[in-house]
Amino acid sequence: MYKLLLSWRYLRTRFIALASIISVTLGVATLIVVNSVMSGFVFEMKSRLHGILSDVEVAAPLLGQIHNPEYHTRIIRDVLGDDIESMTCVVRNPALLTFDVNGRQWTQQVMLLGIDDESFGSVTDFHPYLQNTHKREQFSFSLEEQGYPQWVSAGCPDWTTDSAWDYRRRKFSKIREAETRRLEQEKLYDLAAAEYLEQQAAKSRAWDAAQAAGDTQAPRNGEAVNANYNSNVQSPDTRQPIAASQATFIGPEQPVPRAPEKHMSASGFQHVPLPDQAPDFAAIHAQETAGVEAADSSATLRFAPTHHFNDGKTTREFRKFDPVDPYAKYSPEPAVEDFFDPEKDQYTGIILGLAIAKRKTIGEDGELKDFYMVRPGDDVQIMFPTVGGSAKPISENCTLVDFYSSNMHEYDSSFAFVPLKELQKIRGMVDPLTGDASVSTIQIKLKEGADLDAARDKLMAQFPPESYPYDIHTWQDTQRPLLSAVHMELTILNLLLFMIIAVAGFGILATFFMIVVEKTKDIGVLKALGAPSSGVMSIFLGYGMALGLVGTGAGVVLGLLFVRYINEIAEVVQVVTGQEVFDPEIYYFSEIPTIVSPTMVLLVGLGAILIAVMASVLPALRAARLHPVEALRYE
Amino acid sequence: MSRSTITKPVTIDSMGSMELKKHSAGATQLSAGATPPLKLAMPTLMSASNIHKSYRKGELEVPVLKGVNLEIAAGSFTAIVGQSGSGKSTLLHLLATLDAPDQGAVHFQDRRIDNLSPRQRETIRNRQFGLIFQFYHLLPELSMLENVLVPKMVQDGFFSYLRNKRAYKKRAVELLEMVGLGHRMAHRPNELSGGEMQRTAIARALISNPSVILADEPTGNLDEENGGEVMETLDNLREQENLTVIMVTHDVGLAKSADKTIRLVGGVVVSD
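Residues numbered from 1 in each chain as written. Chains lettered and ligands numbered in written order. Predicted model: local features only at pLDDT ≥ 70, side-chain atom pairs only at ≥ 80, totals over all residues.

J.: Give me the overall build of chain B: which residues, what numbers.
T.: Each helix and strand in chain B was counted, giving nine helices and 10 strands. Expressed as a percentage of its 272 residues, the buried residues of chain B come to 45%. Considering only contacts within chain B whose residues lie at least 6 apart along the sequence, 72% involve residues at least 24 apart. (Helix = DSSP H or I, 4+ residues; strand = E, 2+ residues; numbered from the N terminus. Buried ≥ 20, exposed ≤ 12 C-beta atoms within 10 Å, placed from the backbone. Contact = placed C-beta atoms within 7 Å.)

Pasting the structure below:
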């Protein structure tokens, strides 16, 4: 009883010792704050790292394939049993992405993923990362009529109401307008040129007549005429003047021949009849080959399906062919609906990481603004190898339908998603005879709490590398270097911070020695009154523990309060120092993430109390060993 | 005086160990058989035989007691006098088992106590001896009442103390009132005068109903008036509680009121 009473009284009356446990308080508070913030960050980071990676993955090597995925999924289901939440098949291969940024070409490497519309979202956190809110709810690879209201703050006001479809329609109607104007202009040039050449021919004929009449002094200015023509008539097609100048040497009586591809090749535009008329494809073909008649101004423009105004290498596909069917090209004439109209149609949808398209730019007011190199509604081109050993590059047009942003730069700057079935067809992964499609990766999501490593090991045993050239790994394996670096950082940080508490322990040790010296006489009295050494010792151990409890309690309260109000504190620090403590732009978090783990708080508290008790052991032993007579005599 | 024969077995029975109980049974028989009507006829309660004690100061060994023999009768008031350094305090410490003699033996109730285990000596100190010091040695963090209760707290475990707290408190209040400090129970030692503190120390020495009061210069630090008051209190209590008192003092005047005076000179008893 006296032990408790005295410990308690010492605690209440010896404030010097309380001062020595402030370091315990600070150490405990710091440990709690740092651990909470770190685990908050680690949790956010892990969920981001995990985001579009599945728990476990059975992957074929690069450009390789897993044949008969149905068989594999069945085997996996047998092996893992109830642990499986869901599975999906993915085709993954590196690709080159190309798009126009204000007329200049931008190319970069991406990891192209062919994903299954339905099952991919159930295996990864893909859908919540999509930027179009409608797509999050109802996923498809088609363009949306909904806009991006969440981007008001990002400095893109026209995006908020403007949907991808609105943008696409506006863009291509403007292009069509401009192209029509340009063609009209060209026609005027042509007329002027023809007129001029007619004049020159007349002059030439006059000269010939004069020659015939014997007038040798008449000027021969045919070349000068050509030179004039070159400088005056500036057609966008530089071949035109040459053709025109050549025309003068062919002979004045003949009509000036036109370059057959003039309007199609340079512009990518195709002259076709009005859509409401029944298209006469034989006539179109004749126009194409003949060329000259195509300049008929009454003809309505239609876009060539691929490669609109990219360069001169237009392929003449009027519609999309099924790539698996090698005879598709030779099928009967396409209907009007089969013609690709960018104002109404889209290519295969593609979803790009936001970091691929987004760049920072400085606006007129000097503020940083977001600039999007492409936006949903634009067309992009992807180039990738076919499957198998003798891979051939394929180029394919896609329409950007949405962005996704997992806020993991590594993913956001490299992943592009297209529909699985399209990619399988284009890459030659569909067997033309059976129609079976192979995949490159099978992604598995396990149930909450399932052991990922155990599942991976089971699958590895089922698909041994001797028989199956697969790479089987968990998402943590993929991100092992980063995760282990973070883990080590956390460990070292904890170790260092625990040193703070250890230092506090030495403070307690020193204070306690002083208190034991001060209390020598009291110890003597207690012993004289029959208190055993163990009792005297436990007074000081109890005192140490009481100090530890008080220090830890204060530290826990302080730490938890700090964690609770950390964002407010960061703001205050920012106001006071003028230095931004937490930049949401860098971390992609709007607030400092914190997770308080009760186990961690408990462990830190117990550790601190233990250190306080251990620090009081030596002084307590000294007190216990005091000889009562010596102690009583002590002045 | 008849009370002594009743109270003593009670106090002895309350001792912890079986061994001690056996002894106490013998003592009870002894005192019960004798039925002494007078103090002088009381049996020997404590005795010391041929006690040697020396302190080592560095290389030098300083002999303090060189063969002291003494006997203390139950219920007597013994004064040990002598000059500073004559070893009287050391003798008291040896009697109180705070220290062990180099040679010789201390007997208490016919039992040798100087070579007992620390645990047993602590029990004897706690229950049989009441110690009073020159500098009072009250615990400054505790109130007067708590200071008086300290021996009881030391004696009992946590729960048995809580169980008996009411009785202990009653006894402590009674004792404090007996020493005339009923109105200062809640005060801290530093709020009291030296005489009051010493009287509290007396109350503390009496809380566990000891057989012997061992006092080391109880008035040494007090002025005449306060010293007189303390001595008066001690005398009264001795009468009331039938105590055996052994008091170390250098004040010959105080020693005069004792039944027996032992004079120590240079570590040897020169006169009884």
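After that view of the structure, there is still more to cover.
J.: I'd like a description of the overall build of chain A, backed by residues and values.
T.: A count of helical and extended segments in chain A gives 24 helices and 13 strands. Residue pairs in contact within chain A that sit at least 24 positions apart in sequence constitute 75% of those at least 6 positions apart.

J.: I'd like a rundown of the sheet that holds strand S1 (residues 44–57) of chain B, residues and numbers included.
T.: All names here are of chain B. Here four strands make up an open sheet; going across it, the order is S2-S1-S4-S5 and the pairing antiparallel. Bordering the open sheet on either side are strand S2 (60–73) and strand S5 (111–112), each of which pairs with just one other strand. Pairing between strand S4 (residues 103–108) and S5: two bridges, direction antiparallel. Directly across from His107, in S5, lies its bridge partner Arg112. Packing of helix H3 (residues 88–95) onto the sheet brings it into contact with S1, S2 and S4, and relative to S1 it is tilted by some 120 degrees. (Pairing = 2+ DSSP bridges. Axes fitted to C-alpha atoms, helices over the stretch in contact; angles between N-to-C directions.)

J.: Tell me about the sheet that holds strand S3 (residues 77–82) of chain B, and please be specific about residues and values.
T.: Residues and elements named next belong to chain B. Across the sheet, six strands lie side by side as S6-S7-S8-S3-S9-S10; this open sheet has mixed pairing. What marks the edges here is a single partner per strand, and that holds for strand S6 (129–132) and strand S10 (268–271). Taking the axes of each pair of neighbouring strands and ignoring which way they run, one obtains an average angle of 25 degrees across the sheet. Bridge count for strand S9 (residues 260–265) against S10 is three bridges, and the pairing is antiparallel. Each residue of the ladder has a partner; that of Leu264, found in S10, is Val269.

J.: Can you lay out the environment of A:Leu49 for me, pointing to particular residues and giving the numbers?
T.: Residues and elements named next belong to chain A. Mapped onto the elements, Leu49 comes out in helix H3 (residues 22–51). Assessed through the 21 C-beta atoms surrounding it within 10 Å, Leu49 is described here as buried. Along the sequence, Leu49 and Thr478 sit 429 residues apart, while their C-alpha atoms lie 9.4 Å from each other. When near neighbours in sequence (up to four residues on either side) are disregarded, Leu49 contacts Met408, Trp475 and Gln479.

J.: Which residues make up the interface of chain A and chain B, and what values do they have?
T.: When the parts come together, some accessible area is lost, and that loss is often what is quoted as the size of the interface. Counting from both sides, the interface comprises 20 residues of chain A and, opposite them, 23 residues of chain B. Within the residue set of the side of chain A that touches chain B, elements represented by two or more residues are helix H1 (2–13), helix H19 (520–528) and helix H24 (628–633) of chain A. If one sorts the elements of the side of chain A that touches chain B by residue count, H1(A) sits on top with six residues. Here the residues of the side of chain A that touches chain B are counted per class, giving 14 nonpolar, three polar and three charged. (Nonpolar A, V, L, I, M, F, W, Y, C, P; charged D, E, K, R; others polar.)

J.: Just give me the short version of the nonpolar core, but keep the residues and values in it.
T.: Formed by 119 residues in total, the largest nonpolar core has its most connected members in B:Leu95 and B:Leu214. Here the element with the most residues in this core is helix H23 (residues 598–625) of chain A; it accounts for 11 residues. Formed by 66 residues, the second largest nonpolar core is a distinct cluster that contains A:Phe120, A:Ala164, A:Tyr347 and A:Val439. (Core = buried A, V, L, I, M, F, W, Y, C linked by C-beta atoms within 7 Å.)

J.: How would you sum up the environment of A:Met545? Please name residues and give values.
T.: All names here are of chain A. Mapped onto the elements, Met545 comes out in helix H20 (residues 533–564). Distance from Met545 to Ala608, taken between C-alpha atoms, is 9.6 Å for residues 63 residues apart in sequence. Filtering out sequence-adjacent residues up to four positions away, Met545 remains in contact with Ile609, Ala612 and Val613.

J.: Please set out unusual backbone geometry residue by residue, giving values where relevant.
T.: Phi is positive for A:Asn68, which is not a glycine, with a value near 50 degrees. With respect to the helices, strands and loops of the structure, A:Asn68 is situated in the loop between strand S1 (56–59) and helix H4 (69–80). Positioned with a positive phi, B:Gln109 is a non-glycine residue whose angle comes to about 50 degrees. Relative to the assigned elements, B:Gln109 resides in the loop between S4 and S5. In this structure B:Gln109 comes out as buried when scored by C-beta crowding, with 24 C-beta atoms within 10 Å.

J.: Break down the packing of H3(A) against H23(A) for me, citing the residues and quoting the values.
T.: Residue and element names in this part refer to chain A. It is at 10 Å that the axes of H3 and H23 come closest, and there the two elements cross at 160 degrees. Comparing their axes, H23 and H3 come out roughly antiparallel. Between H3 and H23 lies a crossing whose hand is right-handed. When H3 is examined against H23, the residues Val24, Gly27, Val28, Leu31, Ile32 and Asn35 are found in contact with a partner set consisting of Met600, Val601, Val604, Gly605, Ala608 and Ala612. Class assignment of the residues belonging to the contact of H3 with H23 gives a composition of nine nonpolar, three polar and no charged. (Parallel < 35°, antiparallel > 145°, perpendicular 65-115°, else oblique. Left-handed = near helix turned anticlockwise from the far one by under 90°.)

J.: Any details on H3(B)? Residues and values, ideally.
T.: Along H3(B), eight of the eight residues are buried, which leaves the element largely enclosed by surrounding structure. At the C-terminal side of H3(B), B:Thr97 shows a positive phi close to 60 degrees.

J.: Can you lay out the pairing of strand S3 (residues 104–115) of chain A for me, pointing to particular residues and giving the numbers?
T.: Residues and elements named next belong to chain A. As paired strands, strand S2 (residues 84–101) and S3 are joined by 11 bridges and run antiparallel to one another. Each residue of the ladder has a partner; that of Thr98, found in S3, is Thr107. In textbook terms, the turn of a hairpin is the stretch between consecutive antiparallel strands, and for S2 and S3 this stretch comprises two residues, one of which, Asn102, has a positive phi near 50 degrees. As paired strands, S3 and strand S11 (residues 415–419) are joined by five bridges and run parallel to one another. Pairing of Leu113 across the sheet is with Phe417, part of S11.

J.: Residue-level account of the packing of helix H18 (residues 480–518) of chain A against H23(A), with values.
T.: Between two packed helices, the angle of one axis relative to the other and the distance separating the axes together describe the packing. Residue and element names in this part refer to chain A. Two elements in contact, H18 and H23, have axes whose closest approach is 8 Å; the angle formed by their N-to-C orientations is 25 degrees. The angle between H18 and H23 places the two elements in the roughly parallel class. By crossing handedness, the relation of H18 to H23 is classed as right-handed. Contacts between H18 and H23 involve Phe498, Ile501, Ala502, Gly505, Phe506, Ile508, Leu509, Phe512, Phe513 and Val516 from the first element and Gly607, Ala608, Ile611, Ala612, Met614, Ala615, Ser616, Leu618, Pro619, Arg622 and Ala623 from the second. Grouping the amino acids of the contact of H18 with H23 by side-chain chemistry returns 17 nonpolar, three polar and one charged.

J.: Kindly report on the confidence of the model for chain A, identifying the contributing residues and their values.
T.: All names here are of chain A. Predicted confidence across chain A gives a mean pLDDT of 78, with 77% of residues reaching 70 or more. Counting interchain partners and residues more than four positions distant, the pLDDT-below-50 stretch residues 222–275 has 84 contacts. Across residues 291–318 the pLDDT falls below 50, and counting only partners more than four positions away or on other chains, this stretch makes 62 contacts in the model. (pLDDT = per-residue confidence, 0-100.)

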